[in-house]
Amino acid sequence: MKKFWAIFFLITVVNISVARAEILPVSDFDVQKFVHSMADLIYTEEFQEERPLLLTNAAKIENTEFPEIGKDAYICQYGLKTATEPEGEIVFFIDSEEKVSALKVVGYSEQSGESATILLVTALRAAGLELYNAEFLLTNLSDNEFLASSVVWSDEMQRCFVLMAGARAQAAEGFQFMLVASDVQN
């Protein structure tokens, strides 16, 4: 399955490059500000009453998965306050300026789907995407056997967001979302 993600990612990058597009960060914020923006949304009283999620501090790691988009990444785990184990993780791939160049939300099991989806919407909102665009990305994922995708242009952010969803590459169970951006209007 990891091959499918790598192939889809490369096809997306090639298609963007062929069209003379520029790959853009998914956010104009550096990774620390981005993670803090997410935490500011997650730790509101209203959010916590609805879905009491926890997000660990971001730890810097080497990006061995997609070095084409940056040599480093930051990773946080997430889960419900009541859970004994994390439900998944979010990986923030960064460029040389430490801006979030792409992000990946991983759910360790199918049961973590609701938390992963809420966390993805939170990340999209922290990136500056309007709620209607975030909902469009999620509700218009193409139905493919291995990998689903969705694309939306954001007038506010002046970039095209591509969301990919598929099975988790490292395990027999679970799933992952990957988000990238470019300057090509769809």
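Going by the structure above, here's the rest.
Procedures and definitions
Residues numbered from 1 in each chain as written. Predicted model: local features only at pLDDT ≥ 70, side-chain atom pairs only at ≥ 80, totals over all residues. Heavy atoms only, no water. Helix = DSSP H or I, 4+ residues; strand = E, 2+ residues; numbered from the N terminus. Buried < 20%, exposed > 50% of the residue type's maximum accessible area, 1.4 Å probe, protein only. Contact = heavy atoms within 4.5 Å. Areas by Shrake-Rupley, 256 points an atom, 1.4 Å probe, with all protein chains shown as cover. Lys, Arg positive; Asp, Glu negative; His and termini not counted. Salt bridge = Lys/Arg side-chain N within 4 Å of Asp/Glu carboxyl O. Polar contact = N/O pair within 3.5 Å; in protein donor to acceptor, adjacent residues only side chain to side chain. Phe/Tyr/Trp six-rings, centres within 6.5 Å; stacked < 30°, edge-to-face > 60°. Patch = residues over 30% accessible without salt bridge, like charges linked within 9 Å, V, L, I, M, F, W, Y side chains within 5 Å. Charge placed at Lys NZ, Arg CZ, Asp CG, Glu CD. Pairing = 2+ DSSP bridges.

Caption draft 1: Representation of the overall build of the chain. The secondary structure content of the chain amounts to 5 helices and 9 strands. Helices and strands appear in the chain in the N-to-C order α-β-α-α-β-β-β-β-β-α-α-β-β-β. Per-residue burial for the chain yields a buried fraction of 49% across its 186 residues. Sequence separation of at least 24 residues holds for 53% of the intrachain contacts in the chain that already meet a minimum separation of 6. Accessible surface for the chain amounts to roughly 9,500 Å². Of this, 52% is attributable to carbon and sulfur atoms.

Caption draft 2: Main features of the side chain of E87. Following the sequence through the fold, E87 ends up in the loop between β4 (72–80) and β5 (88–94). Among buried charged residues, E87 stands out as having no salt bridge; its nearest opposite-charge side chain is R51, 4.4 Å away. A distance of 3.0 Å separates the side chain of E87 from the side chain of S115, its partner in a polar contact. Once residues lying within four places of it in the same chain are set aside, the contact partners of E87 are R51, L53, Y78, G79, L80, V106, G107, Y108, S109, Q111, S112 and S115.

Caption draft 3: Spotlight on the packing of aromatic side chains. Tallying each qualifying case throughout the model produces 3 aromatic pairs. Here F175 and F177 contribute two aromatic rings whose centre-to-centre distance is 5.8 Å and whose plane-to-plane angle is 75°, an arrangement assigned as edge-to-face. Given the relative accessible area of 12%, F175 is considered buried.

Caption draft 4: Looking closely at a negative patch on the surface. A contiguous patch of negative charge on the surface is contributed by E45, E46, E49 and E50. Mapped onto the elements, E49 comes out in helix α3 (residues 45–50). Take E49: its relative accessible area is 63%, and that puts it in the exposed class.

Caption draft 5: Expanded view of the pairing of strand β9 (residues 175–182). Burial analysis of β9 places 8 of its 8 residues in the buried class, which makes it a mostly covered element. The alternating pattern of β9 places F175, F177, L179 and A181 and Q176, M178, V180 and S182 on opposite faces, both of which are buried. Bridge count between strand β1 (residues 23–24) and β9: 2 bridges; the pairing is antiparallel. From the neighbouring strand, I23 faces β9, where its bridge partner is S182. With 5 bridges connecting them, strand β6 (residues 100–107) and β9 associate as antiparallel partners. Looking across to β9, one finds that G107 is bridged to F175. Note: strand β8 (residues 159–167) against β9, 8 bridges, orientation antiparallel.

Keep in mind that these numbers describe shape and distance, not what the molecule does.
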